[in-house]
Amino acid sequence: EAQVTQNPRYLITVTGKKLTVTCSQNMNHEYMSWYRQDPGLGLRQIYYSMNVEVTDKGDVPEGYKVSRKEKRNFPLILESPSPNQTSLYFCASSPPAREQYFGPGTRLTVT
Amino acid sequence: RKEVEQDPGPFNVPEGATVAFNCTYSNSASQSFFWYRQDCRKEPKLLMSVYSSGNEDGRFTAQLNRASQYISLLIRDSKLSDSATYLCVVLDAGNMLTFGGGTRLMVKP
């Protein structure tokens, strides 16, 4: 089944404790992206990747890192999480210039 | 000014009603347009792409007006299961997606 998977789906952590949210897609898509969604603010892009070893900042990259060592994986790294990073995170993938397919989301709470 | 604007709603309609959502975008160089559906706390899912000539998929009709930079979605014979948030999405030439804030629809029995 063609899909985008994210892990973990739910995470509660404390300020400053490094964490990684994994994202994997099995559709051989070149393009991958991370978004956060907050009430009243909609979906905002954090980082995106056009292909392996090519990443770029989105609208809200501060406090996040990403890497794209393999085509199928695009992990999101929070080196020192803070409470303002409490949010719902979505990973997405697509072929170039096409609609994106989203993962199921990761709900992160930073206390 | 937001790049993609939608009326947030909520639109409260009875079952069987016809409801229309509108969306405006500011980037005249936008290439592709989509409507996504998002249920509460779930991921957005593609509802339909929007083509210049307009397109229909069952009870759903999408229209694009490039001159006015305007996209619409019409839902006929609303079902309870249509209750969701509908996101207008615009893709630019650099493969960047911009999302509208979404329009919430609530279909009542």
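The structure we're discussing is the one just above.
Peer 1: Go over the sheet that holds strand S3 (residues 19-25) of chain B with me, naming the residues and quoting the values.
Peer 2: Residues and elements named next belong to chain B. The strand order across the open sheet built from five strands is S1-S3-S8-S7-S6, with neighbouring strands paired in antiparallel fashion. Both edges of this open sheet fall to strand S1 (4-6) and strand S6 (55-57), since each of them pairs with a single strand only. Taken over all neighbouring pairs, the strand axes of this sheet differ in orientation by 20 degrees on average, direction set aside.

Peer 1: Explain the sheet that holds strand S7 (residues 65-66) of chain A to me, and be specific about the residues and the numbers.
Peer 2: Residues and elements named next belong to chain A. Read across the open sheet, the four strands follow the order S1-S3-S8-S7; overall the sheet is antiparallel. The two strands at the open ends of the sheet, each matched to only one other strand, are strand S1 (4-7) and S7. Two elements, strand S3 (residues 19-25) and strand S8 (residues 76-78), share three bridges in a ladder whose sense is antiparallel. Opposite Thr-20, over in S8, you have Ile-77 as the bridge partner.

Peer 1: For the side chain of Ser-94 of chain A, give the residues involved together with the corresponding values.
Peer 2: Counting through the fold element by element, Ser-94 of chain A comes out in strand S9 (residues 87-94). If we skip the residues at most four places from it in the chain, Ser-94 of chain A touches His-29, Glu-30, Tyr-31, Glu-99 and Gln-100 of chain A together with Asn-95 of chain B.

Peer 1: Outline the environment of Lys-65 of chain A, listing residues and values.
Peer 2: Residue and element names in this part refer to chain A. Structurally, the position occupied by Lys-65 is in strand S7. Separated by 45 residues in sequence, Lys-65 and Val-110 have C-alpha atoms that sit 17 Å apart. Here the side chain of Lys-65 touches Glu-79 through a polar contact of 2.9 Å, side chain to side chain.

Peer 1: Which residues make up the pairing of S1 of chain A, and what values go with them?
Peer 2: Residue and element names in this part refer to chain A. Going residue by residue along S1, you find Val-4 and Gln-6 tucked away on one face and Thr-5 and Asn-7 left uncovered on the opposite face. Pairing geometry for S1 and S3, over four bridges, is antiparallel. If you follow Gln-6 over to S3, its bridge partner there is Cys-23.

Peer 1: How would you sum up the side chain of Ser-33 of chain A? Please name residues and give values.
Peer 2: Residue and element names in this part refer to chain A. Looking at the element boundaries, Ser-33 is found in strand S4 (residues 31-38). Taking relative accessible area as the criterion, Ser-33 reaches 0% and is therefore assigned buried. At 3.4 Å, the side chain of Ser-33 and the backbone oxygen of Tyr-47 are in polar contact. Once residues within four sequence positions are removed from consideration, Ser-33 is found in contact with Gln-45, Tyr-47, Tyr-48, Phe-74, Phe-90, Cys-91, Ala-92 and Gln-100.

Peer 1: So what's going on with the pattern of salt bridges? Residues and values would help.
Peer 2: As enumerated under the stated definition, the model contains 10 salt bridges over all chains in all. Close ionic contact of Lys-65 of chain A with Glu-79 of chain A constitutes a salt bridge, the shortest N to O distance being 2.9 Å. Of this pair, Lys-65 of chain A sits in strand S7 while Glu-79 of chain A sits in the loop between S8 and S9, and the two are 14 residues apart along the sequence. Overall, Lys-65 of chain A belongs to the partly exposed group, its relative accessible area being 41%. A relative accessible area of 37% means that Glu-79 of chain A is categorised as partly exposed. Here Asp-82 of chain B and Arg-59 of chain B are joined by a salt bridge, their closest N and O atoms 2.8 Å apart. Of this pair, Asp-82 of chain B sits in the loop between strand S8 (70-75) and strand S9 (84-91) while Arg-59 of chain B sits in the loop between S6 and strand S7 (60-65), placing them 23 residues apart in sequence. Residues joined by salt bridges that share partners form a network here, namely Lys-18, Lys-65 and Glu-79 of chain A.

Peer 1: So what's going on with the environment of Ser-30 of chain B? Which residues, and what values?
Peer 2: Residues and elements named next belong to chain B. Its place among the elements puts Ser-30 in the loop between S3 and strand S4 (32-38). Distance in space between the C-alpha atoms of Ser-30 and Met-48 is 17 Å, their sequence separation being 18 residues. With near-sequence residues (within four places) excluded, Ser-30 lies in contact with Tyr-25, Arg-66, Val-90, Leu-91 and Asp-92.

So, how was this worked out
Residues numbered from 1 in each chain as written. Chains lettered and ligands numbered in written order. Predicted model: local features only at pLDDT ≥ 70, side-chain atom pairs only at ≥ 80, totals over all residues. Heavy atoms only, no water. Pairing = 2+ DSSP bridges. Helix = DSSP H or I, 4+ residues; strand = E, 2+ residues; numbered from the N terminus. Axes fitted to C-alpha atoms, helices over the stretch in contact; angles between N-to-C directions. Contact = heavy atoms within 4.5 Å. Polar contact = N/O pair within 3.5 Å; in protein donor to acceptor, adjacent residues only side chain to side chain. Buried < 20%, exposed > 50% of the residue type's maximum accessible area, 1.4 Å probe, protein only. Salt bridge = Lys/Arg side-chain N within 4 Å of Asp/Glu carboxyl O.

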